[in-house]
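Chain and residue survey
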Amino acid sequence: MAASMELSLDNLPSDPLLSILSFLDFRDLINCSFVSRRLNELSAHNPLWKGLCIKYWLLTESDRAVQGHTWRHLFKEFYEDLGCYMEHYAVLKKAWDQLKAYLDNRCPRMIASLKEGAKEEELDAIEAQIGCKLPTDYRCSYRIHNGQKLVVPGLMGSMALSNHYRSEDLLDIETAAGGFQQRKGMRQCLPLTFCFHTGLSQYMAMEATEGRCCSDIFYHCPDQMAQDPSAIDMFITGNSFSEWFTTYVENVVSGEYPIIRDQIFRYVHDKQCVATTNDITVSVSTSFLPELSSVHPPHFFFTYRIRIEMSPDASPDAACQLDSRYWKITNANGNVEEVRGPGVVGEFPVMTPGKVHEYASCTTFSTTSEFMEGHYTFHRLGNKEEVFHIAIPRFLMICPPFRESLVRSQGSANDVSRHFSEDKSDDGEEYEESELRGLNMANQGGRCPRHI
């Protein structure tokens, strides 16, 4: 009786066994294939490998049709080529696919500038050239696309303000290796991006040295108050290549970073920074400019973009013209500054139903954060005596994380440190703002007055 009730894999129906196997990862599925002939046959079931190909390699039916192979064969083929990147490949490939799909019609020149992926042996040669290992996620991304051709506009975002312009290209691995840094203060740092107009680059630390963490991504910023040229502060933009790149892509494809004149502008818009007064809505987005900023002395440069829109449902009698602006600016120390002036950036826009007016301006401050709010003064076109205010929502500007140079943190610039601490209880009050504004602007691209 007991013998007749014994179960064997050979006697079990295939469907429940395949259902169980579908929960296994590829390594366990391969191990199962060595257990018995029956499991060997079932583990080769094509739909099982289809799911794994989609999960790890983002392959589609059309990919399989082009290749003309089974899903199991496709998985093996990709694993042999890219298996060392399984932890990162799906995330980075998805980000690249999303970015290309989003920009294909919006910024076709950027898509045309992308290079084909680098080969494994090419990346190995670069490691031998620079004498250190490339991060796995960086290698993985460059197997998908080897950066872009050096063109304008660059893939990694632009910024235009007055006579200052920045556009960053994503460097190909060969060009990046040519800019690999070994000088004191920037040792073992690989450039990721480059801007023709400012010479600005974002760098990635290849090793934990000189106060940096391995894989830190940053804009370098010379300490202008130190005597040692190796004293270089850093504005941190990422803690790993994967985080840095996927966060950027998410900001682009979500519309957080607007596309303006076929370029990606790295403005950040807080959805709460919107105010509607009667028929007019004002919204604000901001962007930090590292190339015009410094940690020592504390000088942080922001640009803000303001959109003024009159509702299309407004009455024609609501047409009006902007006369003046008022700003209330509060820094991290609680100090308040008020600014009044005619128009906005020299203009006096007329608003009619459905009309949108946008402009960009800038501000500098000496504390790590500051918020602004205020109002515009308008008059009705049909009645100049009718004057009214339109609220500008409060918006906050926060300096990105930064790290001081090892020279300063180790006390090699004690003369500077004493200058900050002597008879002062608050770093933010060390300088009058009028003294701070121009200190770090020398040899930079363009200079913008405060609160235009």
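Per chain, residues are indexed from 1 in the order of the written sequence. Reporting of local features is limited, given that this is a predicted model, to residues whose pLDDT is at least 70; pairs of side-chain atoms are given and counted only at 80 or more, and all residues count toward the totals for whole chains, interfaces and linings. The basis for every side-chain value is the complete set of non-hydrogen atoms in the structure, without hydrogens or water.

1. Topic: the packing of helix H10 (residues 120–130) against helix H11 (residues 136–144)
This is how it is decided: Lines fitted to the C-alpha atoms define the axes, with helices restricted to the stretch that makes contact. Angles between their N-to-C directions range from 0 to 180 degrees. Runs of H or I in DSSP of at least four residues are treated as helices and runs of E of at least two as strands, each being numbered from the N terminus. Angle categories are assigned with fixed cut-offs, so that under 35 degrees is roughly parallel, over 145 is roughly antiparallel, 65 to 115 is roughly perpendicular, and the rest are oblique. Crossings are sorted by hand: turned counterclockwise from the far helix by less than a right angle, the near helix makes the crossing left-handed, and turned clockwise it makes it right-handed. When checking whether two residues touch, look at their non-hydrogen atoms; a contact exists if any pair is within 4.5 Å. Each residue receives one of three labels: charged for Asp, Glu, Lys and Arg, nonpolar for Ala, Val, Leu, Ile, Met, Phe, Trp, Tyr, Cys and Pro, and polar for the others, Gly being one of them.
Two numbers describe how H10 lies on H11: the axes approach to 10 Å, and their chain directions differ by 135°. In this view, H10 runs oblique relative to H11, as classed from their interaxial angle. Here the hand of the crossing between H10 and H11 comes out right-handed. Facing H10, whose interface residues are Glu120, Leu123, Asp124 and Glu127, H11 presents Arg139, Tyr142 and Arg143. For the contact of H10 with H11, the residue count by class is 2 nonpolar, no polar and 5 charged.

2. Section: the sheet that holds strand E15 (residues 300–310)
We apply this condition: Strand pairing is assigned whenever DSSP identifies at least 2 bridges connecting the two strands.
In spatial order, the strands read E13-E14-E15-E19; together these 4 strands make up an open sheet with antiparallel pairing. The open sheet is flanked by strand E13 (268–277) and strand E19 (356–365), the only strands paired with a single partner. Here the strands of the sheet are splayed against their neighbours by 20° on average, with no regard to which way each runs. Relative to strand E14 (residues 280–288), E13 runs antiparallel, the two sharing 6 bridges. Bridge pairing in E14 places histidine 269 opposite serine 285.

3. Some words on the pattern of salt bridges
Test applied: Salt bridge, as applied in this entry: a Lys or Arg side-chain nitrogen positioned within 4 Å of an Asp or Glu carboxyl oxygen. Type-normalised accessible area, obtained with a 1.4 Å probe on protein chains alone, sets the label of each residue: buried when under 20%, exposed when over 50%, and partly exposed for intermediate values.
Within this structure, the stated rule accounts for 21 salt bridges. In this structure, arginine 166 engages glutamate 168 in a salt bridge whose closest nitrogen and oxygen atoms are separated by 3.5 Å. Glutamate 168 matches arginine 166 in its accessibility class, with the two residues each being buried.

4. Quick notes on the nonpolar core
For clarity, the cut-off: Nonpolar core, defined: a set of buried Ala, Val, Leu, Ile, Met, Phe, Trp, Tyr and Cys residues in which side-chain atoms within 4.5 Å join the residues together.
Judged by nonpolar contacts, the single largest core of 64 residues is most densely connected at Trp57, Phe75, Leu103, Leu134, Tyr138, Leu155 and Phe245. Ranked by residues supplied to this core, first place goes to helix H8 (residues 89–103) with 7 residues. Leaving out residues up to four positions away in the same chain, leucine 155 has contacts with Trp96, Leu99, Leu103, Met110, Leu114, Gln148, Glu168, Asp169, Leu170, Tyr248 and Ile264. Counting residues in hydrophobic clusters, the runner-up holds 37 residues, among them Phe300, Ala318, Phe365 and Phe395.

5. Structural notes on the state of the cysteines
By definition, a disulfide links the sulfur atoms of two cysteine residues through a covalent bond. This is how the line gets drawn: Whenever a pair of cysteine sulfur atoms sits within 2.5 Å, that pair is classed as a disulfide.
As enumerated under the stated definition, the model contains 0 disulfides in all. In this model cysteine 213 remains outside any disulfide bridge; the closest cysteine sulfur is found in cysteine 214, 8.8 Å from its own.

6. Focus: the packing of H8 against helix H13 (residues 241–253)
Describing two packed helices takes the angle between their axes plus the distance from one axis to the other. At their nearest, the axes of H8 and H13 sit 10 Å apart, and the two run at 30° to each other. The angle between the axes of H8 and H13 places the two elements in the roughly parallel class. For the crossing formed where H8 meets H13, the hand is left-handed. The residues of H13 that touch H8, namely those facing Val91, Leu92, Ala95, Trp96, Gln98, Leu99, Tyr102 and Leu103, are Ser242, Phe245, Thr246, Val249, Val252 and Val253.

7. With respect to empty space enclosed by the protein
Applied cut-off: The rule is simple: put a 1 Å grid over the protein atoms alone, call a set of points where a 1.4 Å probe fits but cannot get out a cavity, call an open set with protein on both sides within 12 Å along at least five of seven lines a pocket, and count a residue as lining if it has an atom within 4 Å of a point. Grid points are joined across faces, edges and corners, and a volume is the space filled by probe spheres set on the points.
Summed over the entire model, instances satisfying the criterion amount to 2 cavities of 30 Å³ or more. Estimates place the volume of the second largest cavity at around 40 Å³. Here the residues of the lining of the second largest cavity are counted per class, giving 6 nonpolar, 2 polar and 2 charged.

8. Details of the pairing of strand E20 (residues 369–380)
Across the 12 residues that make up E20, a large majority, 11, are buried. Judged from the 10 bridges that link them, E20 and strand E21 (residues 387–398) form a sheet pairing that is antiparallel. Pairing of threonine 377 across the sheet is with histidine 389, part of E21.

9. Looking at the layout of surface pockets
Of the volumes computed, that of the largest pocket is approximately 720 Å³. Lining the largest pocket are 23 residues, with Thr237, Tyr257, Arg266, Val268 and Pro400 positioned closest to its centre. Counting only elements with at least two residues in the lining of the largest pocket, the list comes to strand E10 (232–238), H13 and E14. When residues of the lining of the largest pocket are assigned to their parent elements, the largest contribution, 5 residues, is made by H13. Looking at the lining of the largest pocket residue by residue, the class counts come to 14 nonpolar, 6 polar and 3 charged.

10. Quick look at the sheet that holds strand E9 (residues 217–222)
Taken together, 5 strands build an open sheet; the order of strands is E6-E8-E9-E10-E22 and the sheet is antiparallel. Unpaired on one side and paired on the other, strand E6 (189–191) and strand E22 (402–403) mark the two borders of the sheet. Here 2 bridges tie E10 to E22, and the two strands are oriented antiparallel to one another. Paired with methionine 234 across the two strands is arginine 403, which belongs to E22. With respect to the sheet, H13 is in contact with strand E8 (202–205), E9 and E10, its orientation differing from that of E10 by roughly 60°.

11. Notes on helix H7 (residues 71–82)
Since the α-helix packs 3.6 residues into each turn, any two residues three or four apart lie on the same face. Basically, it comes down to this: To estimate how far a helix should reach, multiply one less than its number of residues by 1.5 Å. To be clear, the arc concerns the directions from the helix axis to the C-beta atoms.
The first and last C-alpha atoms of H7 sit 16 Å apart over 12 residues, in line with the 16 Å expected at 1.5 Å per residue. Buried residues of H7: Trp71, Leu74, Phe75, Phe78 and Leu82, and no others. Across the axial projection of H7, the buried residues extend over an arc of 100°, all falling on one side. Among the exposed residues of H7, those oriented more than 90 degrees off its buried face are Lys76 and Glu80. In this structure, the buried side of H7 is in contact with helix H3 (26–32), helix H5 (46–57), helix H6 (61–67), H8 and H11.

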